[in-house]
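# Residue-level structural notes
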Amino acid sequence: MTPLHCNKQGKVALITGAAQGIGRAFAERLAAEGATVVGVDRQDIQGFETALKDLGAGDAHYARVDVTDEAAVEALAAQVLDRFGRCDILINNVGFTPREPLEQITLAQWRLVMAVNVESFFLTCRAFVPAMKSNAYGRIVNISSDTVGLVIDGFAHYIASKGAVIGLTRALASELGECGITVNSIAPGLTKTPNTFSMFPDGKMFDLSAQAQAIKRPSTPGDLVGAMSFLTSDDAAFLTGQTLIMNGGQLRAL
Ligand SMILES: NC(=O)c1ccc[n+]([C@@H]2O[C@H](COP(=O)([O-])OP(=O)(O)OC[C@H]3O[C@@H](n4cnc5c(N)ncnc54)[C@H](O)[C@@H]3O)[C@@H](O)[C@H]2O)c1
């Protein structure tokens, strides 16, 4: 028998940054659980809808949208609600991870990191929460990062943005708790994705990171899907405002 929390039939789930990496794994897991899945990304990719329907999605839709664009996010919400009538699950997953020391961060770069990593989360929440409120049901998961709690150099803008994600999560959890909407965060550790492979092409950083973890193997997006599945389930109705640190138990610096 399928565990109750793995049944998402009848639910509509929207995932930002769904073209690859962690977002794609989340989209595929929700499809396998029977949800109707809306994948959103600024990349143009082929075959998303067919692949997700083959996995078991009730329906699937891919929208090419830059989620930092306020008007585009509003239009996306109108389109999704017109076509599917509801949005039960919102996963804010887009992220941008430049690495540069403080003195080299331009104001434009700082603002871009904030726009992608935090502002877009605000825009999607504002656009989809009214529909969740009218159904008295919603599950929002915001992707932060375990770097917020580590000693790590060269990511001041990124880490500041991921701290803001945790603050936004707690603030919205408080504001929306009475409306049947939970808001939680997942803070992954270093995880093998196209993004991190481009940052660490020789792969050594994954093994180094694994050695600092209680579970001594590199993380893949598949290690994160179980937490996402639970947080977006009916079973998680009393869990809100929390951040799950999913880094294999990294308890010391590298
Ligand atoms: N991979 C890791 O080690 C790791 C660790 C901690 C946190 N995270 C966080 O997890 C999330 C996913 O990470 P990932 O490694 O899978 O990243 P990724 O770069 O592989 O995928 C991110 C996706 O977001 C899309 N995207 C970026 N900006 C966008 C925009 N403005 N509008 C629409 N789409 C946009 C990209 O096209 C891409 O498909 C990010 O928020 C990241 O900060 C990742």
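Please refer to the structure higher up on the page.
Residues numbered from 1 in each chain as written. Predicted model: local features only at pLDDT ≥ 70, side-chain atom pairs only at ≥ 80, totals over all residues. Heavy atoms only, no water.

Ordered by their spatial adjacency, seven strands build an open sheet running β3-β2-β1-β4-β5-β6-β7, and the pairing between neighbours is parallel. Either end of the sheet is taken by a strand with one partner, and the two such strands are β3 (60-64) and β7 (243-246). Each neighbouring strand pair of the sheet contributes to a mean axis angle of 15°, computed without reference to strand direction. Across four bridges, strand β6 (residues 181-188) lies against β7 in parallel orientation. Counted as the bridge partner of A187 is I245 from β7. Strands β2 (36-41) and β3 of the sheet are contacted by helix α2 (residues 48-55), whose axis makes an angle of about 155° with β3. Along the sheet, helix α4 (residues 107-135) makes contact with β1 (12-16), β4 (89-92), β5 (138-143) and β6, crossing β4 at roughly 175°. (Pairing = 2+ DSSP bridges. Helix = DSSP H or I, 4+ residues; strand = E, 2+ residues; numbered from the N terminus. Axes fitted to C-alpha atoms, helices over the stretch in contact; angles between N-to-C directions. Contact = heavy atoms within 4.5 Å.)

On to the site of the ligand, then. Around the ligand, a shell composed of 29 residues is seen, among which Q20, D41, Y158, T191 and T193 lie nearest. Within the side chain of Q43, one N or O atom sits 3.0 Å away from an oxygen atom of the ligand. Y158 is positioned with one of its side-chain polar atoms (N or O) 2.8 Å from an oxygen atom of the ligand. Burial of the ligand by the surrounding chains reaches 95%, relative to a free accessible area of 830 Å². Elements with a contribution of two residues or more to the shell around the ligand: α1 (21-32), α5 (156-176) and α6 (194-199). Looking at the shell around the ligand element by element, the count peaks at three residues for α6. Across the shell around the ligand, the residue classes tally to 11 nonpolar, 14 polar and four charged. (Near = heavy atom within 4 Å. Polar contact = N/O pair within 3.5 Å; in protein donor to acceptor, adjacent residues only side chain to side chain. Areas by Shrake-Rupley, 256 points an atom, 1.4 Å probe, with all protein chains shown as cover. Nonpolar A, V, L, I, M, F, W, Y, C, P; charged D, E, K, R; others polar.)

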